[in-house]
Amino acid sequence: FARMFVQVCLYFYCKCLWRCLKFVVRKLTGRCELQRICYNTKPGAARTMKIGNCKYLRLQTSVSVHPDAIEKTIDDIMELKRINPDINPQLGVSLQACLLQIVGYRNLIAEVEKLRREPYDSENQQHEEMLLKLWKCLKPNSPLKARISKQWCEIGFQGDDPKTDFRGMGLLGLYNLVYFAEWDTEVAQQVLSDSLHPKYSQFSKAEWEKKKFDKAIGYSFAIVGINITDLTYNLLVSGALKTHFYNVAPEAPTLTHFQQTFCYLMHEFHKFWIEEDPLDIMEFNRVREKFHKRILKQLQNPEMALCPHFAASESLINM
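Cut-offs and rules
Residues numbered from 1 in each chain as written. Predicted model: local features only at pLDDT ≥ 70, side-chain atom pairs only at ≥ 80, totals over all residues. Heavy atoms only, no water. Core = buried A, V, L, I, M, F, W, Y, C linked by side-chain atoms within 4.5 Å. Buried < 20%, exposed > 50% of the residue type's maximum accessible area, 1.4 Å probe, protein only. Domains from an automatic or database assignment. Contact = heavy atoms within 4.5 Å. Phe/Tyr/Trp six-rings, centres within 6.5 Å; stacked < 30°, edge-to-face > 60°. Helix = DSSP H or I, 4+ residues; strand = E, 2+ residues; numbered from the N terminus. Axes fitted to C-alpha atoms, helices over the stretch in contact; angles between N-to-C directions. Parallel < 35°, antiparallel > 145°, perpendicular 65-115°, else oblique. Nonpolar A, V, L, I, M, F, W, Y, C, P; charged D, E, K, R; others polar. Lys, Arg positive; Asp, Glu negative; His and termini not counted. Salt bridge = Lys/Arg side-chain N within 4 Å of Asp/Glu carboxyl O. pLDDT = per-residue confidence, 0-100.

Participant: Help me out: how do you make sense of the nonpolar core in this one?
Facilitator: Inside soluble globular proteins, nonpolar side chains tend to come together where they are buried. If you look at the biggest cluster of nonpolar residues, it comprises 79 residues, and the most contacted ones within it are L134, L174, L265 and L306. Lining this core are residues from two domains, each supplying at least three of them: domain 2 (32-116) and domain 3 (125-300). Those residues in contact with L174 that lie beyond four places of it in its chain are Y120, H127, M130, L131, L134 and F166.

Participant: How do you make sense of the packing of aromatic side chains when you look at a structure like this?
Facilitator: Each aromatic ring pair is summarised here by two numbers: the centre-to-centre distance and the angle between the ring planes. For the structure shown, the criterion picks out 15 aromatic pairs. Taking 6.2 Å as the distance between ring centres and 35° as the angle between the ring planes, the aromatic pair formed by F269 and W273 counts as tilted. You can see F269 and its partner W273 sitting in helix 13 (residues 255-276), four residues apart, about one turn around the helix. Joined through ring pairs, the aromatic side chains of Y219, F269, F272, W273, F284 and F291 make up one cluster.

Participant: Is there a simple way to explain the packing of helix 8 (residues 170-183) against helix 9 (residues 185-196) in this structure?
Facilitator: Helix-helix packing is characterised by the crossing angle of the two axes and by the distance between the axes. Direction vectors running N to C along helix 8 and helix 9 enclose 110°, while the axes themselves pass 5 Å from each other. One finds that helix 8 runs roughly perpendicular with respect to helix 9. Facing F180, A181, E182 and W183 of helix 8, the residues of helix 9 in contact are T185, V187, A188 and V191. Considered class by class, the residues forming the contact of helix 8 with helix 9 number six nonpolar, one polar and one charged.

Participant: Got a minute to help me understand the side chain of D165 in this structure?
Facilitator: Examined against the element boundaries, D165 turns out to sit in the loop between helix 7 (125-138) and helix 8. Buried charge D165 goes without a salt bridge, the closest partner of opposite sign being R167 at 7.6 Å. If sequence neighbours within four positions are ignored, D165 has contacts with F157, Q158, G159, I223 and I226.

Participant: How should the confidence of the model for the protein be read in this particular structure?
Facilitator: Regions with low pLDDT should not have their predicted coordinates read in detail. Overall, the predicted model of the protein reaches an average pLDDT of 83, with 79% of residues at or above 70. Within the protein, helix 11 (residues 221-238) carries the highest mean pLDDT (98), whereas helix 10 (residues 205-211) carries the lowest (51). In this model residues 23-30 is a low-confidence stretch, pLDDT under 50, and it forms nine contacts with partners more than four residues away in sequence or in other chains.

Participant: Before we go on, may I ask you to explain unusual backbone geometry in this structure?
Facilitator: Glycine aside, a negative phi is what most residues show, and trans is what most peptide bonds show. The phi dihedral of D277 is positive, around 50°, even though this residue is not glycine. One can find D277 in the loop between helix 13 and helix 14 (284-299). Residue D277 is classed as buried on the basis of its relative accessible area of 12%.

Okay, structure coming up:
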């Protein structure tokens, strides 16, 4: 009986009292829920996530519209909520930025998923060219002697032919590794070198002695890159990366934002691995899980931006 009584009370609150409360607040402030969110919350993840969680039915359907239809959707929302756009010109701009981020995030998941599901095809010239580009960026002074070669192990693949290592993440793993090697070449080459010779990493001899690093276990660069791709993918699909993307992308987050985030996580995981100083490579899953939890904790902060050097545009301030 007590459980049923509580359920009835909750139903009454949700259906009647909550709506009455919202009506009273609107009458007292002269603003609807959307206006209060946009005017009282600073731009970025805090505002966009509140807009995305808004229970207003019209808005719930608007987050699945095509980006080109967002402007009309906002006009419909303001008309239904009886908001005068001439008196509230900034509201439309703020709503548009939020909806572009929400729709863009969903579209990014679809784009990333498509790449993940596309297998590496050695008969595809574009796939082969990307793979060779990865080698040239990471080992510019060491020509590849043959397409199938033990040289691939030098950059962290498991065998003579890298195509077999892309099975888990498909082309997404290759795209991320190439992006890292091409656009953050110096860091990528340093991480590769450190993974092969961890004792000669960015830590000085004094730091090694202070931290008592003695085992200095290395790892397979390419395989770890594919694994961190999987971690980044899971953060995206679970929604954990909304905080980061809504703070760094003034409008719709793109594949480039995703790849930049991968580069950051790859670099951070490398430092984390050295600091953890595992007994052997069999501890990889433990270290990865610990790293994953640390990133998740950071993303719980609505003001968090994982990559400071990929900060949001200054135009966000005025939205």
